[in-house]
Amino acid sequence: MLTKFESKSARVKGLAFHPVRPWVCASLHNGVIQLWDYRVGTVIDRFEEHDGPVRGVDFHLSQPLIVTGGDDYKIKVWDYKLRRCLFTLLGHLDYIRTVQFHPNAAQFSWILSASDDQTLRLWDFEKRTCLSVLTGHNHYVMSAAFHPTEDLIVSASLDQTVRVWDTTGLRKKQSGEGESQNFDSVSFGLGNDPSRQGQNPGGLNVQAELFGTNDVVVKYVLEGHDRGVNWAAFHPTLPLIASAADDRQVKLWRMSETKAWEVDTLRGHANNVSCCLFHPKQDLVVSDSEDRSIRVWDVSKRVGVQTFRREGDRFWILAAHRNQNLLAAGHDSGMIVFKLERERPASAVGTGNKLFYVRGRELFCHDFSKVYSGSTGMDVPVTSLRRVGQQAQTDGIGSAPRFLSYNQHNPTEGNVLVCSEVDGGCYELVTFSLTNSGSVTDGKRGSCMGPACFIGRNRFAVLDRSTRQIVIKNLNNETTKRIQPPIPTVDGIYDGGASGRLILRADDRAILFEVQSRRVLNEITAPKMKNIVWSPDGSKVAILCKFGVILADKQLQQLCCVTDTVRIKSGAWDASPTGGTANEIFVYTTLHHVKYCLATGDTGTIRTLDNPIYAQMVMKDSLFCLDREARPKIVSIDTTEAKFKLALATKKYGQVMHMVKHSRLCGRAIVGYLQSKGFPEVALHFVREPKTRFRLALACGNIDAAIECALQLGEGNDGGREIWGQLGGEALRQGNYQVVEMSYQKTKDFDRLSFLYLITGDSEKLQKMLKISQMRGDIMGRYHNALFLGDAAERVKVLEESGNLPLAFISAKMHGLEEDAERIQIAIETNGGSVEGLLEKVDSSNKKAGCLLQPPTAIIKESNWPTRDVQKTTLEDYEGADDYVDEEEIQNNAEMNQDGGWDDGAFDDAPQGSGLDAAMDDLDLGDDDLGDWDDDLDLGDDMADEPEVDEMAGLSDMGGDSGFSLPDAGRPPAACWSTNSSHAAVHIAAGGTAKAMQLLNRQIAVSDFEVLKNAMIGSYLGSMMSVPGVPGSPAMSIPLLANDASGHPGSESLPRTSLKMKHLVNGIRTGYRFFQGGKFNDAKAAFTSVLIDIPLVVTDNRSEANEVKEMLEICREYITAIRIKGAISENMKNPARCTELSAYFTHCNLQPAHLLLALRSAMGTAFKFKNFISAASFARRLLELPDMSSERNADLRVKATKVLQKSEQMARNEHELNYDESQSFKIDCKDFVPIYAGSSSAKCSFCGSEYGDESMKNQVCLSCTFCTVGVNTIGLVTGS
């Protein structure tokens, strides 16, 4: 059973599948009707009008209707689009058990209902009348159903009988209703009376109500059950009936024209059988029971073949989809939607465009090349596949082959591995000639787990289902090698893309494994991995997961990851021989769509599907696939959009422009894509809608195109003001003030226009603006223009005309206009005012008081701001595209020839004399000061980131020059820094502390930022310098740029950071020195300081990045060693624990000089506590060290030799130790106990410290003290 969906609810008593949509309707015991989308697992709607349990439900085949029947004796018809009940049919006198629409919905608007009132009723839901009452049962009628094609009804009752009813008479009566009406049919016309809707219209007389009519007659009465019958169902095509009863039996009945008889009884249920039905596509009967099981029976063999149990829930109802291989079952706590088997056909693409697949029990070969050349194609059967086991003899229950693998490594003959999941998993090897179709070698078989695959010309690999070992076999099915996988939880193996390689599936991971060397080459996260598809050239692989696709290269380095909301069904790489798309476009299918994705992460939808298909190969615009019946099909697809995105990503601009000119690229999605990728000029070529074109023109700074669109949009459009405003803003940014002038004229923005003329020094147009303001009666406009012109007389005149006589008097007096001042004074006094004291209000203390304000003189009077002539890019014109590509290719070829291609030296490790080497060279390995290195070696004596024309006449519209553009405006350095890098130190330097903390938390799971506080403040302060300004002004902060030596500061700038590699090297040196001297607290502080600084160090190259990560491991190992040393001191009274800790101390990855000290200490401790086996082990390891051959260690060499001799004589451990030297292990950094391979552990995402205690998950690491343990992150980011 493959469960597709499961719901939790009250007891489900009725179920029905929608004929087309992925919906299932469930009627519940609490009176609620739920409409579920089983594909996404959500409730679409709920209907709650019934009183009590609802036991029957059904969908109409073509109309948006649902019919339900419940214990309130009501039949309700609902419209799920309107989301309400349309009407109620009344007539039954007891609980209604089942309801069903007629399967021939186009001809009959009938509803069939069965009730506990011992009757069945036929209703016309369009007329809302009862057509017929079927009487004859003498107990509750538990179910009733129409025959799919014939005029028959089958009913089951607790009177222990199954009855078959003939509705031919009623059908003929209804079809002849318009020609001859009788008493009963005349009464049907009352059904549309509004006052009688929803009630029995009286169309049936009393006799018909009590005893039924003769329109429907009983054809057969089937007796044979010992108890009440709960369900009966017709076979969809054969004259068979299945019935389920309380006698725990399922019976099969056969019908003829004259009689019906029992065929067989299916026994196996342990309680009342609730429901049964025939599988719509297979020769099976499915039944469910109150014994909490669902059973599957083989009709031809009449035996049970499968049983599915559910603990605690009794089953009550079954439903089957009309068209798909889906079943649903209702139980006490909800329902499940399931399949009996997977419908994906086993298939594999072979050499020469051939497809091998399994249909039924035959292996077929289909030649794609014949189909592609115009032939209809032909399926050539290769061989019959023999099925082993009893379950495998029944079709439809998962016995078909699941996986198929073709040997691409063998060009001389065909080898196919067919794998099945029957009996735990098995495979069959079929070998055949590629030239002689009749030459097939009998299949060789064996057991396996999951798929098997070929790893060479004559070798294949299977996964042993018992030991989980990888078993290598030859073509004679002989085992040649057994390999233990690197992870014991491997549950599937796949082709590794090259000879001798496998991809292993384990714990939501895909692992690239080399068989010969038994090495793990790489691994990648792949949740719920289902299949893999290699590109034709083997350069890329697509990993198909349940809800996503991961693209990776041949070394399993991830290129992109695409997720979807529905299940991924299949996928295939483009294999077109021309066009440059081969191995670049991956086409995959979901339940209802064909989609594509590129290695750049771009994705899109190609087309929709009516039914699921399984892609096998993509060739140009054809998708070769299989349907669920394993029939080869060709589906036409249009991959223009994918090709366009691919050409843009690979910078094939000639192809891009060719597609722009000749392909039908349109739509908001493609325009948005081009804008997001920084190519609005490309979209500008094919977009003709003015508004979108205007927006694109502004995005790429094309003022000419923007003016053209603005002229179209601005005429008679209310939005014209906004359009011209946006154009003016962009023109002002570019310094094209003539277009700015035009924009202000179009929008009649007179204030801005006057200011524009002021700053450009155009006094003539300011005079015209003054006249325009006089014509418009704009007092403020007149005053401002007069002020800009320096016309004091005009300002006095404006103030006088506006009634501001005191201000006019003061202005005239201050500017020496005595005649005007006298006239204004007379006017003020005439109105009863006075001018006394007015001048006292004017500040005359300033020496500039009374001076005439003159307009500023323009420095430069040019047509526009100075711009530099820039050549159009390849994507801005059609003509230059092809030439550009040719030149680029020539240049690339020249560079490749000059540089000599890829140089392996670019991937060399750190150069000689690196920081770590310097730190090691600085080590003083003298024995003068051992500090706390007390080895207890007391051996006694022997050992020791547009204006109107009348108003604007005289102002000419100015156009912009073409062929010029202004360089983009710069941005603040901090904004560039945070955009250009994802390193936390760069964001801190830019002042983005919150973003930096978020990055540190995501990358290495930092949780305690208090520890990093001082380092973060140092990074911020170190990226800026303060420069004193002019006297009286504050100091200026100048950013320190790291990459300004090779060019001017720009959008790619990065800050200088205070923490460098040399600081880390110095810290490591200090730690080494303290450790050597036995000053362990100082050493721990030094190494911890380096650990804190490492996340904020920005490296310049790969060599430095590797060196930083190496330093990280060194700090972790030394901190762990120091913590173990402290634990040894605390456990001196516990000999066993003290010896264990000393042993663990020697397994820390220390420098050889320090390891010598650790081994010496451990040897002394073990010998002291009489653990002679461990002491001998430490002595041997000590004597094997290279430093032991030097003269300064001569005494220690003698002591170690004596310890070894003495220990070998004693040869016993006084205490039982938790220490096994023969097994590799890692040290638990909390409890200091070994963590052996295969044991579960949690790991710090920064320093890598491991913890075997599950309680340490989500706790702060004890080694680095600021990161969280057990969080899966991307890891340390070192480069900018």
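Residues numbered from 1 in each chain as written. Predicted model: local features only at pLDDT ≥ 70, side-chain atom pairs only at ≥ 80, totals over all residues. Heavy atoms only, no water.

The chain is annotated in an unreviewed UniProt entry as Coatomer subunit alpha of Chaetoceros tenuissimus. Check the Function (unreviewed entry) section of the UniProt entry for the chain; it says "The coatomer is a cytosolic protein complex that binds to dilysine motifs and reversibly associates with Golgi non-clathrin-coated vesicles, which further mediate biosynthetic protein transport from the ER, via the Golgi up to the trans Golgi network." Under the Subunit (unreviewed entry) heading, UniProt states for the chain: "Oligomeric complex that consists of at least the alpha, beta, beta', gamma, delta, epsilon and zeta subunits." (UniProt positions renumbered as here; feature names shortened; annotations may be inferred.)

**Student:** How should I be thinking about the pairing of strand 20 (residues 249–255) in this particular structure?
**Tutor:** Regular strands have side chains that alternate between both faces of the sheet. Within strand 20, six of the seven residues are buried, leaving the element largely enclosed by the surrounding structure. One ladder, built from five bridges, connects strand 19 (residues 240–245) with strand 20; its direction is antiparallel. The residue bridging Ala-244 from the neighbouring strand is Val-250, located in strand 20. Where strand 19 hands over to strand 20, the hairpin turn is made up of three residues, of which Arg-248 adopts a positive phi near 65°. When strand 20 meets strand 21 (residues 260–267), the two strands line up antiparallel, connected through seven bridges. Looking across to strand 21, one finds that Lys-251 is bridged to Thr-265. Hairpin geometry of strand 20 and strand 21 is characterised by an intervening segment of four residues between the two adjacent antiparallel strands. (Buried < 20%, exposed > 50% of the residue type's maximum accessible area, 1.4 Å probe, protein only. Helix = DSSP H or I, 4+ residues; strand = E, 2+ residues; numbered from the N terminus. Pairing = 2+ DSSP bridges.)

**Student:** Would you take a moment to explain the pattern of salt bridges for this structure?
**Tutor:** Two side chains that carry opposite charge are able to pair once their charged atoms sit near each other. As enumerated under the stated definition, the model contains 39 salt bridges in all. Notably, a salt bridge pairs Glu-800 with Arg-823, separated by 2.8 Å at the nearest N-O pair. Of this pair, Glu-800 sits in helix 16 (residues 792–801) while Arg-823 sits in helix 18 (residues 818–830), and the two are 23 residues apart along the sequence. According to the relative accessible area criterion, Glu-800 is partly exposed, its value standing at 23%. Connected via shared salt-bridge partners are Glu-6, Lys-8, Arg-310 and Asp-313. (Salt bridge = Lys/Arg side-chain N within 4 Å of Asp/Glu carboxyl O.)

**Student:** Would you explain the environment of Val-24 in this entry?
**Tutor:** Here Val-24 shows up in strand 3 (residues 23–28). The class for Val-24 is buried, based on a relative accessible area of 0%. In this structure, the C-alpha to C-alpha distance between Val-24 and Leu-35, residues eleven residues apart in sequence, is 6.0 Å. Not counting residues within four places of it along the chain, the set of residues in contact with Val-24 comprises Leu-15, Ala-16, Phe-17, Gln-34, Leu-35, Trp-36, Tyr-38, Phe-59, Met-335 and Val-337. (Contact = heavy atoms within 4.5 Å.)

**Student:** What am I meant to see in the environment of Leu-758 here?
**Tutor:** Looking at where Leu-758 falls in the secondary structure, it is placed in helix 13 (residues 750–760). Taking relative accessible area as the criterion, Leu-758 reaches 11% and is therefore assigned buried. For the pair Leu-758 and Asn-785, spaced 27 residues apart in sequence, the C-alpha to C-alpha distance is 9.0 Å.

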